[in-house]
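# Overview (structure and organization)
What follows is the residue order along each chain.
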Amino acid sequence: MQRPDRSRRQVVQAAVAAAAGLALPSLARAQAFPARPIRLICPWPAGGATDAVMRAIAESAGRALGGQMIVENKAGASGMLGPNELVSAKPDGYTLSQLTIGVARLPHMQKMLFDPLKDFTYILNMTGYTFGIVVKADSPIKSVKDLVDYAKANPGKFTYGSPGQGTTPHLAVEEFADKAGIKLQHVPFKGFADGMQALLGGHIMAHSDSTGWSSHVDGGTALLLATYGSKRTRKWASVPTLNELGFDTISESPFGIGASKGMDPAVTRRLHDAFRKTLEDPAVLAMFEKYDQSVIYMNTADYEKFIREQYVKEKAMVEKLGLGLKT
């Protein structure tokens, strides 16, 4: 008769062996990944700041994976065309997209194709935008005070662009306008390039966006009135924040990389590790520096937790501004 402790050992060993057997196919798939090029969707137009950053990340991550990562631009819908595509893509790691904070905000403003709490695999958060509002260099508006004074004297006539309805550059200005007691006219664009072209062409009076306007500000064709962070930027340290000007507006917008729901955890880990490695790549860090972005790293679990918490916060902000989904 077998001794009880020996019998228990045999049961435990059998269970461990079975678990290892189940894990082997997953491990093998991860080790073989990628077997073909990976699509990384940039849901903004080519030629903008996000496009440049995403291409640097893709090149670096592709090298880390020992494969190729190709950026595909799908501009429009306030940066949601990439997330929309993830809903129907296979969860095999070959279709990825940039995910902005808009995935947690826009479902409170309009009907979406996705549920951010159910439909994505959140791989990691990587960095975040610096936002600001710019005018043409020859504009009579030379400061935020000038903007407020003009808007009070001409309600609804001050026009400003943004990369889309419900984006952070849009809502930050609406929050500022609410605090300042003014009404502005919003003009949405597909992305930075279209908005800046409209500004420089005299079709709008200001443009609110991430730092794609950097070369225009540095080159003297545009004037930066204010940024939206909790502190001044490194690159434009003389430019005040909306918050320090007394408008109680802080908008900082981290973004990361996501895939379809149900992805093999081993493939998620492999992608996470490759993207994490890019945050140490001098070429990627130089691109962050160019657009005044910093490393804002969150691992898979922390990034998903952040989005879930942000989903609740965004609902409160959208409702406060009266922009909630009408049912």
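Going by the structure above, here's the rest.
Reading guide: rules and limits
- Residues numbered from 1 in each chain as written.
- Predicted model: local features only at pLDDT ≥ 70, side-chain atom pairs only at ≥ 80, totals over all residues.
- Heavy atoms only, no water.
- Core = buried A, V, L, I, M, F, W, Y, C linked by side-chain atoms within 4.5 Å.
- Buried < 20%, exposed > 50% of the residue type's maximum accessible area, 1.4 Å probe, protein only.
- Helix = DSSP H or I, 4+ residues; strand = E, 2+ residues; numbered from the N terminus.
- Contact = heavy atoms within 4.5 Å.
- Pairing = 2+ DSSP bridges.
- Axes fitted to C-alpha atoms, helices over the stretch in contact; angles between N-to-C directions.
- Polar contact = N/O pair within 3.5 Å; in protein donor to acceptor, adjacent residues only side chain to side chain.
- Expected span 1.5 Å × (residues − 1).
- Arc of directions from axis to C-beta.

## Re the nonpolar core
- Core analysis: the largest hydrophobic core is formed by 57 residues, its most contacted members being Leu96, Phe176, Leu271 and Phe275.
- Examining the composition of this core, we find that nine residues originate from one element, helix 2 (residues 49-65), more than from any other.
- Setting aside its immediate chain neighbours within four residues, Leu271 contacts Phe33, Ile38, Leu65, Gly93, Leu96, Ile123 and Met263.
- By size, the runner-up hydrophobic cluster in this structure holds 17 residues, among which are Leu86, Ile101, Ala104 and Phe114.

## Brief notes about the sheet that holds strand 1 (residues 38-42)
- The sheet built from six strands is open, its strands ordered 2-1-3-10-4-11 with mixed pairing. Every other strand in the sheet has two partners, leaving strand 2 (69-73) and strand 11 (295-298) as the edge strands with one partner each. Across the sheet, the mean angle from the axis of one strand to that of its neighbour is 25 degrees, orientation sign disregarded.
- Of the strand pairs in this sheet, strand 4 (residues 120-129) and strand 10 (residues 253-260) are connected by eight bridges, and their pairing is antiparallel. Across the sheet, the residue bridging to Tyr129 is Ser253, located in strand 10.

## Some words on the side chain of Asp51
- Residue placement: Asp51 occurs in helix 2.
- By relative accessible area, which is 6% here, Asp51 ends up buried.
- Engagement of the side chain of Asp51 in a polar contact is seen with the backbone nitrogen of Gly47, the distance being 3.0 Å.
- Setting aside anything within four residues of it in sequence, one finds Asp51 in contact with Cys42, Pro45, Ala46, Val71 and Asn73.

## Topic: helix 10 (residues 265-278)
- End to end, helix 10 covers 20 Å across 14 residues, agreeing with the expected 20 Å (1.5 Å per residue, within 8%).
- Within helix 10 the residues assigned to the buried category are Val267, Thr268, Leu271, His272, Ala274, Phe275 and Thr278. The arc enclosing the buried residues of helix 10, seen along the axis, measures out at 165 degrees, which places them on a common side. Facing away from the buried side of helix 10 by over 90 degrees, the exposed positions are Pro265 and Lys277.

In short, shape yes, function no, at least from these values alone.
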